[in-house]
Amino acid sequence: MKKININFELNNEGWNLDVEPSDTLLEAVRDKMGVKSPKIACDRGDCGACTVLLDNKAVRSCLILAAEIDGHKITTVEGLCPQEPTPLQKHFARNNAFQCGFCAPGMILAAHELLQNNQKPSREEVQEAISGNLCRCTGYEKIIECMVNPDLKSGEDK
Amino acid sequence: MAISHQFEYHRPPTFGEAMKLIADYKGRASVLAGGTDLVNWIKEDFLAPEAVIDIKNIPELKKLEYSGNTLSVGAAVTFSEMIDSARVKELFPLIVEQSQVVACHGVRNRATMVGNICSGVPCCDSGPVLMVYDAVVHVTGPKGERKIPVMEWFVGPKKTSRDPMEIVTKIDIPVPTVKNAGCYVKLGRYRGEDLAQASVALLALEGGETRVAFGSVGPTPIRSREIEEFLKGRELTDSLWPDLDKLVEKTIAPISDLRATKEYRLHMTKIMLKRGLNAVCKRLVGTGPAYGSSLL
Ligand SMILES: Cc1cc2nc3c(=O)[nH]c(=O)nc-3n(C[C@H](O)[C@H](O)[C@H](O)COP(=O)(O)OP(=O)(O)OC[C@H]3O[C@@H](n4cnc5c(N)ncnc54)[C@H](O)[C@@H]3O)c2cc1C
Ligand code: FES
Ligand code: FES
């Protein structure tokens, strides 16, 4: 099939790439750009492990064709804060919010989108924001607690 | 899993070019909106289009507009955009209540209402709600434009009255001319992201009319004129329930599948109808549960 040439931004860096029409964004990000935080899990939209931000909105990269992102901006956990973990990530880490961590990149991006628009979300708003991000380890409690009380300014626990 | 089926990808910048492409492929191309059904269906080999035509760069399809008492939902408008619209919240709280229970936030950031009804699965959440609003689907094809009342849209599981050479441009949803209140009750296996096991959409209008539609309990969404006739002008009391139960049994035709048995679907639909009716009656007079709260 005719390859598609796309121009886009990944983690604030401009890219130009030839992709097959059938390449998913998830495959392109992992295999062509070497960014491995989005995970291949259900591969059908159910679990949220492949979440990336597309123009600052959380989306499922397994259900998007790479060709669709021409002219757009993609952010993964690697791009949120390139030098060190973000205050939210530190907060998650200090509170042992995750166990195996497989769900964490998707969860962090979903949290990031919510907290961008709403610094003090209610428990219900947090549950809604991450309702499509499955975690097989934690039972969600710590993740939700951290997001309800994100304490992003100091990066320290209260 | 890589997609094994190979296809061409086009992203036309104008509607005219999209129409030309769909004609060139003689109906063997699929329209791509949010892709939340289409990409899965290509992965599963349920669909094998020669090309996908991405409509997200066509400006007129991205419009969510309100004029002349009608909300027009363009084919590229996502559920998230509908939920965030102050106009939709004010005039169509039922649509917001329904949109909020479609999939999860990350899917709704891509998925469109037009894509939802084009997929035409029996559990599609938009079907019953569009039915109680008497919505109209606008399509354009080689023979010109057609306006299809949503009551004639759904033909069977994954079958709609759209011709493969036609593109849906928008859905027009008229705002009721009298004071009204709605309710969408969705039963899933868990709260969060699940397809409906059964759903009920209600729209009560001041003056005694209540519109009733069901989802996931038949080959297509079902609007029940018979139940609407029965309810007309009657005050809602417990004495109506036995007759309503019988009417529900007559109206819906649920099947058993991996999400629920037909018996459970039937039983729950009766309960959901009662709770929904109680809720719309109260909402109509300004009391009742806030939109978005679960009745189950
Ligand atoms: C994890 C997950 C959870 C889900 N949960 C729900 C749920 O709770 N409720 C629910 O109802 N659905 C659910 N869905 C299904 C899906 O998200 C919706 O049906 C969605 O609205 C489809 O819209 P889309 O824009 O993604 O359509 P697409 O996938 O782009 O298209 C769907 C179909 O419609 C055709 N099409 C799209 N636009 C047009 C057009 N303008 N003209 C002609 N044909 C067109 C496409 O060719 C394709 O066949 C879920 C899906 C996933 C992956
Ligand atoms: S891998 Fe994309 S949602 Fe599960
Ligand atoms: S921490 Fe293991 S899946 Fe969430």
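Scope of this entry: the structure provided in the associated data block. On a predicted model such as this, the values are computed, not experimentally measured, just so you know. (Residues numbered from 1 in each chain as written. Chains lettered and ligands numbered in written order. Predicted model: local features only at pLDDT ≥ 70, side-chain atom pairs only at ≥ 80, totals over all residues. Heavy atoms only, no water.)

1. A few points about the overall build of chain B
Now for step 1: The number of helices and strands found in chain B is 11 helices and 14 strands.
Now for step 2: Against the 2.2 N^0.38 benchmark of 19 Å for 296 residues, chain B shows a C-alpha radius of gyration of 19 Å, consistent with a compact globule.
Now for step 3: Overall size of chain B, expressed as C-alpha extent along the three principal axes, is 60 × 45 × 35 Å.
Now for step 4: Looking at chain B residue by residue over its 296 residues, the buried ones come to 57%.
Now for step 5: Within chain B, contacts between residues at least 6 apart in sequence are counted, and of these 61% link residues at least 24 apart.
Now for step 6: Here chain B displays about 12600 Å² of accessible surface, and carbon together with sulfur accounts for 53% of that area.
Now for step 7: Charge centroids of chain B, computed over 38 positive and 35 negative side chains, lie 1 Å from each other. (Helix = DSSP H or I, 4+ residues; strand = E, 2+ residues; numbered from the N terminus. Rg over C-alpha atoms; globule rule 2.2 N^0.38 Å. Buried < 20%, exposed > 50% of the residue type's maximum accessible area, 1.4 Å probe, protein only. Contact = heavy atoms within 4.5 Å. Areas by Shrake-Rupley, 256 points an atom, 1.4 Å probe, with all protein chains shown as cover. Lys, Arg positive; Asp, Glu negative; His and termini not counted. Charge placed at Lys NZ, Arg CZ, Asp CG, Glu CD.)

2. Some thoughts on the overall build of chain A
Now for step 1: Of the regular secondary structure elements, chain A holds six helices and five strands.
Now for step 2: Taking 158 residues into account, the globule formula puts the C-alpha radius of gyration at 15 Å, and chain A, at 16 Å, falls close to it.
Now for step 3: The principal-axis extent of the C-alpha atoms belonging to chain A is close to 55 × 30 × 25 Å.
Now for step 4: Considering only contacts in chain A between residues 6 or more positions apart, those separated by 24 or more positions represent 55%.
Now for step 5: If the 18 positive side-chain charges of chain A are averaged to one point and the 23 negative ones to another, these points end up 3 Å apart.

3. A short note on the site of ligand 1
Now for step 1: Neighbouring ligand 1 are 38 residues; Val31, Thr36, Asp37, Thr112 and Asp125 of chain B lie closest to it.
Now for step 2: More than one chain approaches ligand 1, the contributing ones being chains A and B.
Now for step 3: Within the backbone of Gly35 of chain B, an N or O atom sits 2.8 Å from an oxygen atom of ligand 1.
Now for step 4: Thr36 of chain B places a side-chain nitrogen or oxygen 2.6 Å from an oxygen atom of ligand 1.
Now for step 5: At the level of elements, strand 2 (29-32), helix 2 (38-43), helix 7 (113-119) and strand 10 (167-174) of chain B are the ones that each hand at least two residues to the shell around ligand 1.
Now for step 6: Considering every element that reaches the shell around ligand 1, the biggest residue donor is helix 7 of chain B, with five residues.
Now for step 7: Each residue belonging to the shell around ligand 1 can be placed in one class, and the counts come to 20 nonpolar, 10 polar and eight charged. (Near = heavy atom within 4 Å. Polar contact = N/O pair within 3.5 Å; in protein donor to acceptor, adjacent residues only side chain to side chain. Nonpolar A, V, L, I, M, F, W, Y, C, P; charged D, E, K, R; others polar.)

4. So, the interface of chain B and chain A
Now for step 1: Counting residues at the interface gives 31 residues for chain B, matched by 30 residues for chain A.
Now for step 2: Taken together, chain B and chain A are joined by seven salt bridges.
Now for step 3: Between Glu68 of chain A and Arg110 of chain B there is a salt bridge; the shortest N-O distance is 2.6 Å.
Now for step 4: For the pair chain B and chain A, the interface holds 14 residue pairs in polar contact (both at pLDDT 80 or more).
Now for step 5: Broken down by secondary-structure element, the contributors of at least two residues to the side of chain B that touches chain A are strand 1 (8-10), helix 2, strand 3 (51-54) and helix 6 (105-108) of chain B.
Now for step 6: At four residues, the largest contribution of residues to the side of chain B that touches chain A is made by helix 6 of chain B.
Now for step 7: By residue class, the composition of the side of chain B that touches chain A is 11 nonpolar, 11 polar and nine charged. (Salt bridge = Lys/Arg side-chain N within 4 Å of Asp/Glu carboxyl O.)

5. Details of the side chain of Asp245 of chain B
Residue and element names in this part refer to chain B.
Now for step 1: Mapped onto the elements of the fold, Asp245 is located in helix 10 (residues 241-251).
Now for step 2: Within polar-contact distance, the side chain of Asp245 engages the side chain of Lys274 at 3.4 Å.
Now for step 3: Excluding its chain neighbours within four sequence positions, the residues that come into contact with Asp245 are Lys270 and Lys274.

6. Some remarks on the sheet that holds strand 2 (residues 13-19) of chain A
For sheets, the rule is that strands pair by backbone hydrogen bonds, running either parallel or antiparallel.
Residues and elements named next belong to chain A.
Now for step 1: The sheet built from five strands is open, its strands ordered 2-1-5-3-4 with mixed pairing. Strands with a single pairing partner mark the edges of an open sheet, and in this sheet they are strand 2 and strand 4 (57-60). Each strand axis lies, on average, 40 degrees off the axis of its neighbour in the sheet, ignoring direction.
Now for step 2: Where strand 3 (residues 51-54) lies against strand 4, four bridges are found, and the strand directions are antiparallel. (Pairing = 2+ DSSP bridges. Axes fitted to C-alpha atoms, helices over the stretch in contact; angles between N-to-C directions.)

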